[in-house]
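# Structural characterization, general
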Amino acid sequence: LREEFLMETRMSNLEHRDFDRMHKIVRRMAKKLATRYSRRRRHTKRGQLDVRRTLRRSMPHDGIPFEILWKQTKIERPKIVVICDVSRSVAAAARFLLLFLYSLNEVIAHLEAYAFSDRLVSVGDILETHDVETAIPEIMATIGFRSTDYGQALDDYEENFMDDLDSHTTVIILGDGRSNFTDPRIDIMRRLHDRSRAVIWLNPEPETFWGTGDSEMPRYRQFCHVAKTCSTVMHLERVIDDILKS
């Protein structure tokens, strides 16, 4: 009952004493997805006969189709870039998203992680060489708890990492889209959208808050393939499941 309650609790409301239990829950979710999708790398389209392969296989039997072959679609392992706002209001959600993704290395071909408050930095090396309990405080000490500036973070990403994006890459942005009334750099968001396979924005705030105060979500949203509220680990699981399905 405690675990079910935690899975549906807003990540920003979780207490530090629950983190160990939540880490176990997230790793278990990730293992379940990894097991499911490592078996589904090739998806068979039942009902769509592969005529060429069936005829080729039947040649040793004088053309009699003893074995029927169906068309298949190869499901590639996704390439993911994750950009996390680690300012105070979003830090808890960033912790669990990064833990979730780094627990899925069996079914994710390539994962790059970046974190920002005002400036953006790559945090992949920290996450690969430390467990999450050590890595997250180190990331927060490096870049967290500062005044949020989405425009500057996007500018840093374009200047240093944009060339790594291609049409096979899914970009996941986790943040509330609140940029303290600084320039949101919508122009860079447009280029990020155009270069990648998909842009998915996960916002811990309810959708009714988007566009209020210093929120730039309505402007960012027009360059996202998916933009949705993601405030619990149950939401995270559904989003990652959808990415792996596609």
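Quantities reported herein were computed from a predicted structural model and do not represent experimental measurements. (Residues numbered from 1 in each chain as written. Predicted model: local features only at pLDDT ≥ 70, side-chain atom pairs only at ≥ 80, totals over all residues. Heavy atoms only, no water.)

### Description of the overall build of the protein
- Along its length, the protein carries 10 helices and 8 strands.
- Put simply, the protein has 246 residues, and 48% of those count as buried.
- Sequence separation of at least 24 residues holds for 77% of the intrachain contacts in the protein that already meet a minimum separation of 6. (Helix = DSSP H or I, 4+ residues; strand = E, 2+ residues; numbered from the N terminus. Buried < 20%, exposed > 50% of the residue type's maximum accessible area, 1.4 Å probe, protein only. Contact = heavy atoms within 4.5 Å.)

### A closer look at the packing of helix α7 (residues 150-160) against helix α8 (residues 186-195)
- Where α7 meets α8, the axes come as close as 9 Å, and the angle between the chain directions of the two elements is 45°. In terms of orientation, α7 and α8 fall into the oblique class. Once α7 is placed against α8, the crossing between them reads as left-handed. Of the residues in α8, those in contact with Leu154, Asp155, Tyr157 and Glu158 of α7 are Ile188, Arg191 and Leu192. (Axes fitted to C-alpha atoms, helices over the stretch in contact; angles between N-to-C directions. Parallel < 35°, antiparallel > 145°, perpendicular 65-115°, else oblique. Left-handed = near helix turned anticlockwise from the far one by under 90°.)

### Focus: the nonpolar core
- Of all hydrophobic cores here, the largest spans 52 residues; its most connected members are Val82, Phe96, Leu97, Phe100, Leu104, Ile139 and Ile240.
- Element by element, the count of residues in this core is highest for helix α4 (residues 91-102), at 10 residues.
- Among the nonpolar cores identified, the runner-up in size contains 26 residues, and Ile186, Ile188, Tyr220 and Cys224 belong to it. (Core = buried A, V, L, I, M, F, W, Y, C linked by side-chain atoms within 4.5 Å.)

### A word on the sheet that holds strand β4 (residues 110-116)
- Read from one edge of the open sheet, 6 strands run β5-β4-β3-β6-β7-β8, paired in mixed fashion. The open sheet has two edge strands, β5 (120-122) and β8 (226-229), and neither has a second partner. When strand polarity is set aside, the average angle formed by the axes of neighbouring strands in this sheet is 20°.
- Sheet analysis places strand β6 (residues 169-174) next to strand β7 (residues 198-203), joined by 5 bridges and oriented parallel. Directly across from Leu174, in β7, lies its bridge partner Leu202.
- On top of the sheet, helix α10 (residues 233-245) reaches β3 (79-85), β6, β7 and β8; it is set at about 175° to β7, its chief contact. (Pairing = 2+ DSSP bridges.)

### A closer look at the side chain of Ser117
- The residue Ser117 is located in the loop between β4 and β5 in this model.
- Here the side chain of Ser117 touches Ile143 through a polar contact of 2.8 Å, landing on its backbone oxygen. (Polar contact = N/O pair within 3.5 Å; in protein donor to acceptor, adjacent residues only side chain to side chain.)

### So, α8
- For α8, every residue scored as buried is listed here: Ile186, Ile188, Met189 and Leu192. Considered in projection along α8, the buried side chains sweep an arc of 155° and stay on one side of the axis.
- Elements in contact with the buried residues of α8: α7, β6, β7 and α9 (217-221). (Arc of directions from axis to C-beta.)

### What about the pairing of β7?
- Extensive coverage of β7 is indicated by the burial of 6 of its 6 residues.
- Here β7 shows no split at all, with Ala198, Ile200 and Leu202 on one side and Val199, Trp201 and Asn203 on the other all buried.
- Between the parallel elements β6 and β7, the chain passes through α8 in a crossover that is right-handed. (Right-handed = clockwise from strand over helix to strand, strands pointing away.)

### Some points on the packing of aromatic side chains
- Evaluated as defined, the whole model comprises 7 aromatic pairs.
- Judged by centre distance (4.5 Å) and plane angle (45°), the rings of Tyr114 and Phe161 are tilted. Taken together, the positions of Tyr114 in strand β4 and Phe161 in the loop between α7 and β6 put the pair 47 residues apart, joining distant regions of the chain.
- By relative accessible area, which is 18% here, Phe161 ends up buried.
- Ring centres of Tyr150 and Trp201 lie 5.9 Å apart, and the angle between their planes is 20°; on these two criteria the pair is classed as stacked. With a gap of 51 residues between them, Tyr150 in helix α7 and Trp201 in strand β7 connect regions that are remote in the sequence. The same class applies to Tyr150 as to Trp201, namely buried.
- Among the aromatic side chains, those forming a connected cluster through ring pairs are Phe116, Tyr150, Trp201 and Tyr220. (Phe/Tyr/Trp six-rings, centres within 6.5 Å; stacked < 30°, edge-to-face > 60°.)

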